[in-house]
Amino acid sequence: SAPSASSAPKLSIETSTHEAASSMLGRPMHLVSGKDTILPKFIPRSQRPASQHGRRDISAAQIDAVQHLVVRVSREHRDKVRWHLTLKAGREAVQYMPQDTFVATVRESVAEEILELPGVSGVFLLPAEMKAHPVLLQQLK
């Protein structure tokens, strides 16, 4: 007989473009949506396939779009990353989300800088489902 869903091993979902919250490095992130939430990784423009770059006749300043990000950090570097995020985005645009996670609204160019900071273990795009109130999401289904 086939194993039941509850006894089947959990798969760790990690690809080059997405990662499950439960498999991220560091202490667990507290999510109302659950630990099985899958977040898309932020990929710098220079590393994206040409088909995702958009129109070539638009300047870099015009495509420096605002992104809502989930930034995972090591405990040792948390204060330095918070300082950098606040400096670049402003205090109102950065929130701490236990454990060792920030939610920030920044320009894409700043997101690329954040990826290079010591102690940053991942930068992820905040999915639309996490931006909307659960009641609204239920009404849309």
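Predicted model only: the values in this text are computed from it and were never measured.

(A) Quick peek at the packing of aromatic side chains. Inspection of the entire model under this criterion finds one aromatic pair. With 5.4 Å between their ring centres and 70° between their planes, Tyr 96 and Phe 102 make a pair best called edge-to-face. Its relative accessible area of 30% is what places Tyr 96 among the partly exposed residues.

(B) Representation of the pattern of salt bridges within the structure. This structure, assessed with the given rule, holds three salt bridges. One salt bridge connects Glu 108 with Arg 45, and the closest N-O pair in it is separated by 3.4 Å. One end of the pair, Glu 108, is in helix α2 (residues 108-115); the other, Arg 45, is in the loop between β2 (38-40) and β3 (66-73), and 63 residues separate them in sequence. Glu 108 sits in the buried class, given a relative accessible area of 4%. Judged by its relative accessible area of 19%, Arg 45 falls in the buried class. Measuring nitrogen to oxygen at the nearest pair gives 2.7 Å for the salt bridge that ties Asp 100 to Arg 78. Placement of the pair is Asp 100 in the loop between β4 (94-97) and β5 (101-107) and Arg 78 in helix α1 (residues 78-89), with a sequence separation of 22 residues. Each of the two residues, Asp 100 as well as Arg 78, counts as buried.

Conventions we followed
Residues numbered from 1 in each chain as written. Predicted model: local features only at pLDDT ≥ 70, side-chain atom pairs only at ≥ 80, totals over all residues. Heavy atoms only, no water. Phe/Tyr/Trp six-rings, centres within 6.5 Å; stacked < 30°, edge-to-face > 60°. Buried < 20%, exposed > 50% of the residue type's maximum accessible area, 1.4 Å probe, protein only. Salt bridge = Lys/Arg side-chain N within 4 Å of Asp/Glu carboxyl O. Helix = DSSP H or I, 4+ residues; strand = E, 2+ residues; numbered from the N terminus.

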